[in-house]
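In case you want the letters, here they are:
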Amino acid sequence: MTTVSHHDTPVLNVALLGGGTVGSQVARILTEDSELLTERIGARLNLAGVFVRNTAAQRDYQLPSLLYTTDAEELISRADIVIELMGGIDPARELILAAINRGAAVVTGNKALLATHGTELFTAAADQGVQLSFEASVCGAIPILRPLRDSLSGDRVTRVMGIANGTTNYILDQMDTTGISFGDALAEAQRLGYAEADPTADIAGHDAAAKVAILASLAFQAPFTLDQVDCQGITTITAEDNEAAAAAGFVIKLLAIAERVSTNGDDGVVLRVHPTLLPREHPLAAVRGAYNAVFVEAENAGELMFYGAGAGGEATASAVMGDVVSIAKRLQHGGPGRPHTPKTSLDALEIGHTTTSYMIVVHAADQPGVLATVASLFAEQGVSIETMQQAPAELTPLEAERAAAAGETPQAVLRFITHRGLEQRLADTVAAIEELDVVSAVTSVLRVEGN
Ligand SMILES: NC(=O)C1=CN([C@@H]2O[C@H](COP(=O)(O)OP(=O)(O)OC[C@H]3O[C@@H](n4cnc5c(N)ncnc54)[C@H](OP(=O)(O)O)[C@@H]3O)[C@@H](O)[C@H]2O)C=CC1
Ligand SMILES: N[C@@H](CC=O)C(=O)O
Ligand code: NA
C-alpha cells in the first residue's frame, strides 16, 4: 500500500475512524506536525479520510470537508494504518477486524472494546502479522502499557493500583475542594472532553474496570475481561461518606486494583474498582483533576509510579500518535513488531480472596455494652480494629426534641477503621453488625488503601 510521493518520500496512508474529542486532535497533529513526523518516520503520513456519522458537523479541528466520509469500508481499503477513535463495541469491532484482515495496522483507544473482545482482535492481528496498538486506551497520555509489556517483561508484577478514570477523579476532586454538586462537576467534565459518550461508563466504574482488565492482561500476561472485575462506581458516595472520610483524615478516590493473590490454595488475580479511602498524605491523594496515576509493584523493580493526564483530546492524541509513529517506523524500516498474545492462563478470583481494610460508620444505641457487642463481631470474624472513635449522633434540635418525646435511646456514631484482613471476613463483619438490634444503621462502608 505504501506509495512514493513526487519528492521520493514514501507515503503511508492513514484512515481515521472517529473525528470527535480525540480524533480531532489526532487530525490536527497529523496535519500541523506533518514535517516533524516525516522526519522522524522517514515516510509521510497521509490522512486519507475521517469516518464520522455527520460529515457536515463542525469539528474541534476542521479538515477540508472532502476528507469526511460515511463509507468506512472504502476508507479502510486505502489505508496502511487505521486509527479507531469512535468508541463503543459495534461497528468499531467489525471495522477493526476488517482493517486487520486487509493487512492494515491498527491503533485504538477503545478500552470498552479491548476489555470485552480483546482476545478475538489480538488473535486476528497475530494471525495476519499486523500490529494492534492501544496505549491511548488506558490512562490517556500516560505511557503505561508499553512499560508493562516491555520494560517490566523481565520482572514479576505483583500489583497494579491506580486512579484510571479522569472524569470521576475530576468529579471527586471538585466536590472535595470546591463543594460543587455531583451533577455540575460531571457536566464540566463532559464539557472538557474527559467523559465517555455515555458518562455512565465513567461514574459507574465500567471505564476504570475495562482499563484494569487491560492493565492486568499486560501485567500478568494472561487475558482478563471486564466481566471479571468487581466494580463499584462513585454514584453511591454520600455526603455522609465524604464527612466521615474527611473527619478521619482521608480523601475518597476511585481506585482500580489488580493484584496477584494466593490464599488457601487459590492462585490468581483479583480485579476490583471501588471508591477507596486514602490518607491525605498518600501520593495518590495528591492526584487532582482529570489526572491519573498508576502504582506498579514488581518483585525486583519494587514500586513504580506513572502519572499524567488521564483524559482529554490533546493528551490522549499524544498516546495515539506515539503508537502511530512506532508502527509507521516498523512499516518503513522493517522489524518484527510485537503482537500482544498473552502467554499464560491465570484465574480471576472473587473479590473475597483479597485483603484490604475497611472504615465502617455505625449508628447505634448510646448505652452500656453496645460498643462491646459490636466489637465482639469483629473478633468473631478475626478482624482486628485499628482505630475506633465514638461521638454522639448529631441531631437537629427538632430531631432531638422528637426523639426525646418518643422516649428513644440516644444514638452514638461509632467509626471503626480495621487492620488489613480478608475481604470476605470484613464483609461478613459488616453484615453481622447490620443485623444487631442496637444498631440503627451502618451509614458508610469504604475500603482503605495506603494506610
Ligand atoms: N475523551 C478522552 O479523554 C478519551 C477517550 N478515549 C477513547 O477514545 C475513543 C473516542 O473518544 P472521544 O473522542 O472522546 O469520543 P467522541 O464521542 O468525542 O467521538 C467519537 C467519534 O466517532 C464517531 N462515531 C461514533 N460512532 C460512529 C458510528 N457508528 N459511525 C460513524 N462514526 C461514529 C463520531 O462521529 P460524529 O462526530 O459525526 O458523531 C465522533 O466523531 C473512545 O473509545 C474513548 O473511550 C480514550 C482515552 C481518553
Ligand atoms: N472517560 C475516560 C477517558 C479516558 O480514558 C476518563 O474519564 O478517564
Ligand atoms: Na496511556
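Residues numbered from 1 in each chain as written. Chains lettered and ligands numbered in written order. Predicted model: local features only at pLDDT ≥ 70, side-chain atom pairs only at ≥ 80, totals over all residues. Heavy atoms only, no water.

Per an unreviewed UniProt entry, the chain is named Homoserine dehydrogenase, and its organism is Citricoccus muralis. The heading Cofactor (unreviewed entry) in the UniProt record of the chain holds the text "a metal cation". On record in UniProt, under Function (unreviewed entry), the comment for the chain is "Catalyzes the conversion of L-aspartate-beta-semialdehyde (L-Asa) to L-homoserine (L-Hse), the third step in the biosynthesis of threonine and methionine from aspartate." (UniProt positions renumbered as here; feature names shortened; annotations may be inferred.)

Draft legend 1. Seen up close, the packing of helix H7 (residues 166-178) against helix H8 (residues 182-191). The geometry of H7 relative to H8 is characterised by a closest axis approach of 9 Å and an angle of 135 degrees between their N-to-C directions. When the interaxial angle is binned, H7 and H8 end up oblique. For the element pair H7 and H8, the recorded crossing hand is right-handed. Facing H7, whose interface residues are Thr 167, Tyr 170, Ile 171, Gln 174 and Met 175, H8 presents Phe 182, Ala 185, Leu 186, Glu 188 and Ala 189. Looking at the contact of H7 with H8 residue by residue, the classes come out as 7 nonpolar, 2 polar and 1 charged. (Axes fitted to C-alpha atoms, helices over the stretch in contact; angles between N-to-C directions. Helix = DSSP H or I, 4+ residues; strand = E, 2+ residues; numbered from the N terminus. Parallel < 35°, antiparallel > 145°, perpendicular 65-115°, else oblique. Left-handed = near helix turned anticlockwise from the far one by under 90°. Contact = heavy atoms within 4.5 Å. Nonpolar A, V, L, I, M, F, W, Y, C, P; charged D, E, K, R; others polar.)

Draft legend 2. Layout of the coordination of the sodium ion (ligand 3). Within the first shell, the sodium ion (ligand 3) binds the protein through Glu 135 (O), Glu 135 (OE), Val 138 (O), Gly 140 (O) and Ile 142 (O), at distances of 2.4 to 2.7 Å. For the sodium ion (ligand 3), the single-chain donor residues occur in sequence as E-x2-V-x1-G-x1-I. As far as burial versus exposure is concerned, Glu 135 and Gly 140 are alike and both buried. (Donors = N, O, S within 2.8 Å, 3.2 Å for Na, K, Ca; no water. Buried < 20%, exposed > 50% of the residue type's maximum accessible area, 1.4 Å probe, protein only.)

Draft legend 3. Local environment of the site of ligand 1. Neighbouring ligand 1 are 23 residues, the closest being Gly 19, Asn 54, Arg 59, Glu 196 and Gly 312. Contact with the protein chains hides 85% of the accessible area of ligand 1, taken as 910 Å² for the molecule alone. By residue class, the composition of the shell around ligand 1 is 8 nonpolar, 11 polar and 4 charged. (Near = heavy atom within 4 Å. Areas by Shrake-Rupley, 256 points an atom, 1.4 Å probe, with all protein chains shown as cover.)

Draft legend 4. How the structure looks around the site of ligand 2. Neighbouring ligand 2 are Lys 111, Asn 165, Gly 166, Thr 167, Tyr 194, Ala 195, Glu 196, Asp 202, Asp 207, Lys 211, Gly 310 and Ala 311. Side-chain polar atom of Thr 167 to an oxygen atom of ligand 2: 2.6 Å apart, as the coordinates give it. Take Tyr 194: an N or O atom from its main chain is 2.7 Å from a nitrogen atom of ligand 2. Alone, ligand 2 offers 250 Å² of accessible surface; in the complex the protein occludes 94% of this. Breaking the shell around ligand 2 down by element, the ones donating at least two residues are H7 and helix H10 (206-219). Here the residues of the shell around ligand 2 sort into 3 nonpolar, 4 polar and 5 charged. (Polar contact = N/O pair within 3.5 Å; in protein donor to acceptor, adjacent residues only side chain to side chain.)

Draft legend 5. H10, seen in detail. Under the 1.5 Å per step criterion, the end-to-end length of H10 is 20 Å for 14 residues, consistent within 8% with the ideal 20 Å. In terms of residue burial, H10 counts as a mostly covered element, since 13 of its 14 residues are buried. With its phi angle positive at about 50 degrees, Gln 221 sits one or two positions after the end of H10. (Expected span 1.5 Å × (residues − 1).)

Draft legend 6. Broad picture of the packing of aromatic side chains. The full count for this structure, using the stated rule, is 4 aromatic pairs. The interplanar angle of 50 degrees and the centroid separation of 5.2 Å between the aromatic rings of Phe 122 and Phe 134 together place this pair among those described as tilted. Highlighted residues: Phe 122 in helix H5 (residues 111-128) and Phe 134 in the loop between strand E7 (132-133) and helix H6 (145-151), separated in sequence by 12 residues. Taken individually, Phe 122 and Phe 134 each receive the classification buried, so the pair is uniform in this respect. (Phe/Tyr/Trp six-rings, centres within 6.5 Å; stacked < 30°, edge-to-face > 60°.)

Draft legend 7. View of unusual backbone geometry. The omega torsion of the bond from Asp 90 to Pro 91 falls at 15 degrees, within 30 degrees of zero and hence cis. As for its position among the elements, Pro 91 is in the loop between strand E5 (81-84) and helix H4 (92-101). Positive phi is not limited to glycine here, since Cys 139 has a value of about 60 degrees. A positive phi is found at Gln 221, a non-glycine position, where the angle reads about 50 degrees. One can find Gln 221 in the loop between H10 and strand E9 (230-231).

Draft legend 8. Up close: the UniProt feature "domain: ACT" (unreviewed entry) in the chain. On the UniProt side, "domain: ACT" (unreviewed entry) is annotated at positions that read residues 359-450 here. The span residues 359-450 is 36% helix and 38% strand, and its two end C-alpha atoms sit 13 Å from each other.

Draft legend 9. Main features of a nonpolar patch on the surface. Side chains of Tyr 291, Met 305 and Tyr 307 sit close together on the surface and give an oily, nonpolar patch of about 310 Å² of accessible area. Inspection of the secondary structure puts Tyr 307 in strand E13 (residues 302-309). (Patch = residues over 30% accessible without salt bridge, like charges linked within 9 Å, V, L, I, M, F, W, Y side chains within 5 Å. Salt bridge = Lys/Arg side-chain N within 4 Å of Asp/Glu carboxyl O.)

Draft legend 10. Structural view of the pairing of strand E11 (residues 266-279). Counting buried positions along E11 yields 12 of 14 residues, so the element is predominantly enclosed. Alignment of E9 against E11, held across 2 bridges, turns out to be parallel. Each bridged residue has a counterpart across the sheet, and for Cys 231 the counterpart in E11 is Val 273. Two elements, strand E10 (residues 250-263) and E11, share 14 bridges in a ladder whose sense is antiparallel. Across the sheet, Phe 250 pairs through a bridge with Pro 279, a residue of E11. Taken together, E10 and the strand that follows it, E11, pair antiparallel across an intervening segment of 2 residues, in which Asn 264 is found at a positive phi of about 45 degrees. In this sheet, strand E14 (residues 347-349) lies alongside E11 in parallel orientation, the contact comprising 3 bridges. The residue bridging Val 269 from the neighbouring strand is Ala 348, located in E14. Examined bridge by bridge, E11 and strand E19 (residues 439-448) share 2 bridges and lie parallel to one another. (Pairing = 2+ DSSP bridges.)

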